[in-house]
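What the coordinates show
One letter stands for each residue in the lines below.
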Amino acid sequence: MINKLSFYITDCHNPYTNLATEKHLLDRVENDEIILYLWQNQNTVVIGKNQNALTECKCALLEEDGGHLARRLSGGGSVFHDLGNLNFTFLCTTENYDLSRQMQVIKEACALGGIFAEISGRNDILADGRKFSGNAFYNSRGKSYHHGTILINADKEKLSAELLT
């Protein structure tokens, strides 16, 4: 049972630090706690644990542009991050993990901002039928997380230029 809600908001924009912080929070989450972690990366392509970077992004262009390539622990597709994205992570024990409840939190937060959102069957969040949030999942040693991006005002030209998909 969850008796403690914690949140961590960082102003760090380094993907390696942010992904390491996410893992650290997962390792440290208490049995009766859920942590909400909010973070942003600058000019970054993040790939899933099973992806080949060379087939997911234009690595040379990303490097030339001073960007970062990072691999996350979870699966899923490649994602472009800049300061126009807000990343979130829910971290808790696997016993307390409740994806539908966590997705509802995101949906209700969007409603507070005047955005009517719906959850799709692929664990995406849509507004007006268009995806603005993708989600991925990870669990290890009795602890789990659900993380995703919320597209707010990303540089779509850079996103299109640096991702192959």
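Figured I'd write up the structure that's included with this text. All of these numbers come straight from a predicted model, not from anything done at the bench.

Rules used throughout
Residues numbered from 1 in each chain as written. Predicted model: local features only at pLDDT ≥ 70, side-chain atom pairs only at ≥ 80, totals over all residues. Heavy atoms only, no water. Buried < 20%, exposed > 50% of the residue type's maximum accessible area, 1.4 Å probe, protein only. Helix = DSSP H or I, 4+ residues; strand = E, 2+ residues; numbered from the N terminus. Pairing = 2+ DSSP bridges. Polar contact = N/O pair within 3.5 Å; in protein donor to acceptor, adjacent residues only side chain to side chain. Contact = heavy atoms within 4.5 Å.

Some words on the pairing of strand E3 (residues 44-47)
- Residues of E3 alternate between two faces, with Thr44 and Val46 on one and Val45 and Ile47 on the opposite face, all of them buried.
- Summarising the sheet, E3 and strand E4 (residues 68-71) pair through four bridges and their orientation is parallel. By the bridge assignment for E4, Val46 is matched with Ala70.

Section: the side chain of Gln51
- Relative to the helices and strands, Gln51 is located in the loop between E3 and helix H2 (53-56).
- At a separation of 3.3 Å, a polar atom in the side chain of Gln51 contacts the main-chain amide nitrogen of Ser78.
- Sequence-distant contacts of Gln51, that is, excluding residues within four places in its chain, are made with Glu56, Arg71, Gly76, Gly77 and Ser78.

Quick notes on the environment of Gln104
- The topology assignment puts Gln104 in helix H4 (residues 99-112).
- Distance in space between the C-alpha atoms of Gln104 and Gly134 is 14 Å, their sequence separation being 30 residues.

Take it as geometry only, folks, not as evidence of what the structure does.
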